[in-house]
Amino acid sequence: MPQRLVFLEKTTPAWFTAEPKSAPDALSGVARPADTVWSQDGLALILRLDGNRIAVSEPVPVTRLPGRCAERHIQMDRTFCLGLDALGAGSIDEARIWWAHLEQWLQLQSLADETGLWPDAHALDHGHAGEWQRAAQRLADELGFGEEYRRAHAGLPS
């Protein structure tokens with residue numbers, strides 16, 4: 001098993017039940033994060049190494065989540081977009097942070113599942129546009145009109 005997956009396996013949180021090794025290059029299991037639609041029944045996940053990132057998806061796509069949905073941060077290859085700064089779990093500390101990012105992503109997915117909307121405060125534009133959006137937000141904050149910028153970007157009245 002690749003070292004990054006070993007770090008993830010060693011830091012598995014209580015809300016994730018890892019399954020016996022089914023593949024040498026993957027970590028499979030069931031996620032049951034608290035206060036989500038999956039806290040009881042669970043959501044089956046598979047984690048694989050994809051370059052420097054950990055690719056996460058449902059083992060059988062479109063079982064409980066949409067197949068591809070930019071608004072819900074599910075990519076064309078049906079892996080989950082955990083953010084521009086998603087860590088690659090290259091150490092024990094990074095693996096713990098990675099699990100926290102996944103838990104937050106699952107909580108937001110649960111909210112989107114219940115409401116039909118991804119929370120604006122937890123969304124960036126996709127790809128390079130997200131980097132520009134983050135830079136613009138930082139500048140707006142420095143200039144004292146960060147909230148106005150966020151409202152305008154979300155299409156809300158000022």
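Treat the numbers as computed from the prediction; the structure is a model and nothing was measured. Every chain is numbered independently, its residues counted from 1 as its sequence is written. Per-residue local features of the predicted model are confined to residues with pLDDT of at least 70, and side-chain atom pairs are confined, for both listing and counting, to 80 or more; whole-chain, interface and lining totals are unaffected and use all residues. Each side-chain value is worked out from all heavy atoms of the structure, with water and hydrogens disregarded.

Trainee: What should I look at first to understand the pattern of salt bridges in this one?
Mentor: Pairs can form between side chains of opposite charge once their charged atoms are near each other. We count a salt bridge whenever a side-chain nitrogen from Lys or Arg sits within 4 Å of a carboxyl oxygen from Asp or Glu. What the rule picks out here adds up to 4 salt bridges. Among the salt bridges present, the one from Arg53 reaches Asp50, with a minimum N-O distance of 3.2 Å. In this scheme, a residue with accessible area under 20% of its type's maximum is buried, one over 50% is exposed, and one in between is partly exposed, where area comes from a 1.4 Å probe on protein chains only. The class for Arg53 is partly exposed, based on a relative accessible area of 27%. Linked by salt bridges that have partners in common, Asp50, Arg53 and Asp77 make up one network.

Trainee: Help me understand the packing of aromatic side chains, please; the structure alone is not making it clear to me.
Mentor: Each aromatic ring pair is described using two quantities: the centre-to-centre distance and the angle formed by the ring planes. Paired rings are identified among Phe, Tyr and Trp, the last through its six-membered ring, by centres lying within 6.5 Å, and are further divided according to the angle between planes into stacked (under 30 degrees), edge-to-face (over 60) and tilted (the rest). Evaluated as defined, the whole model comprises 5 aromatic pairs. The interplanar angle of 85 degrees and the centroid separation of 6.4 Å between the aromatic rings of Trp15 and Phe16 together place this pair among those described as edge-to-face. Its relative accessible area of 12% is what places Trp15 among the buried residues. Under the relative-accessibility criterion, Phe16 is labelled buried at 4%. On the basis of an interplanar angle of 45 degrees and a centroid distance of 4.9 Å, the ring pair of Phe16 and Trp99 is categorised as tilted. Of the two residues, Phe16 sits in strand β1 (residues 16-18) while Trp99 sits in helix α2 (residues 92-115), which places them 83 residues apart along the sequence. Of the two residues, Phe16 and Trp99, neither departs from the other in class, the shared state being buried. Each member of the aromatic cluster is reached from another via a ring pair, and the members are Trp15, Phe16, Trp98 and Trp99. Only DSSP runs of H or I covering at least 4 residues are called helices, and only runs of E covering at least 2 are called strands; the numbering of each starts at the N terminus.

Trainee: Teacher, can you tell me more about the environment of Asp41 here?
Mentor: The residue Asp41 is located in the loop between β2 (26-31) and β3 (43-50) in this model. For Asp41, a relative accessible area of 60% puts it in the exposed group. Remark: the alpha-carbon pair of Asp41 and Val30, spanning 11 residues in sequence, is separated by 8.9 Å. If near-sequence neighbours (up to four positions away) are discounted, Asp41 is found in contact with Val30, Arg32 and Arg64. Every residue pair with non-hydrogen atoms within 4.5 Å of one another is taken to be in contact.

Trainee: Just to check I follow, could you spell out the sheet that holds β2 for this structure?
Mentor: Hydrogen bonds between backbone atoms are what pair the strands of a sheet, whose relative direction is either parallel or antiparallel. The antiparallel open sheet is built from 4 strands, whose spatial order is β1-β2-β3-β4. A strand with exactly one partner marks an edge of an open sheet, and here the two such strands are β1 and β4 (53-57). Neighbour to neighbour, the strand axes of the sheet diverge by 30 degrees on average, direction disregarded. Any two strands with at least two DSSP bridges between them are considered paired. Examined bridge by bridge, β2 and β3 share 6 bridges and lie antiparallel to one another. The partner of Leu27 across the bridge, within β3, is Leu47. Inter-axis angles, ranging from 0 to 180 degrees, are taken between N-to-C directions of lines fitted to C-alpha atoms, where helices are fitted over the stretch in contact.

Trainee: Is there a simple way to explain the packing of helix α1 (residues 3-10) against α2 in this structure?
Mentor: Two packed helices can be described by the angle between their axes and the distance between those axes. At a minimum axis distance of 8 Å, the contact between α1 and α2 shows a crossing angle of 65 degrees. Considered as vectors, α1 and α2 are oriented roughly perpendicular to each other. For the element pair α1 and α2, the recorded crossing hand is right-handed. Together, Phe7, Leu8 and Lys10 of α1 and Ile92, Ala95, Trp98 and Trp99 of α2 make up the contact between the two elements. Three classes are used, and their members are as follows: Ala, Val, Leu, Ile, Met, Phe, Trp, Tyr, Cys and Pro are nonpolar, Asp, Glu, Lys and Arg are charged, and the others, Gly among them, are polar. Taken together, the residues of the contact of α1 with α2 break down into 6 nonpolar, no polar and 1 charged. Under this scheme an angle from 65 to 115 degrees is roughly perpendicular, one under 35 degrees roughly parallel, and one over 145 degrees roughly antiparallel; angles in between are oblique. Crossing handedness is defined as follows: a turn of the near helix away from the far one that is anticlockwise and smaller than a right angle gives a left-handed crossing, while the clockwise case is right-handed.

Trainee: So what exactly am I meant to see when it comes to the side chain of Gln109 here?
Mentor: Structurally, the position occupied by Gln109 is in helix α2. Not counting residues within four places of it along the chain, the set of residues in contact with Gln109 comprises Trp38, Leu65, Arg72, Ile74 and Trp118.

Trainee: What am I meant to see in the nonpolar core here?
Mentor: Inside soluble globular proteins, nonpolar side chains tend to come together where they are buried. Working definition of a nonpolar core: buried Ala, Val, Leu, Ile, Met, Phe, Trp, Tyr and Cys residues. They are joined through side-chain atoms within 4.5 Å. Core analysis: the biggest nonpolar cluster contains 27 residues, and Leu8, Leu45, Leu47 and Leu102 have the highest contact counts within it. Put simply, the parts of the chain that give this core at least two residues each are α1, β2, β3, β4 and α2. Here this core takes 8 residues from α2, the largest share from any one element. Dropping the residues within four chain positions of it, Leu102 is found in contact with Trp15, Leu45, Val56, Phe80 and Leu82.

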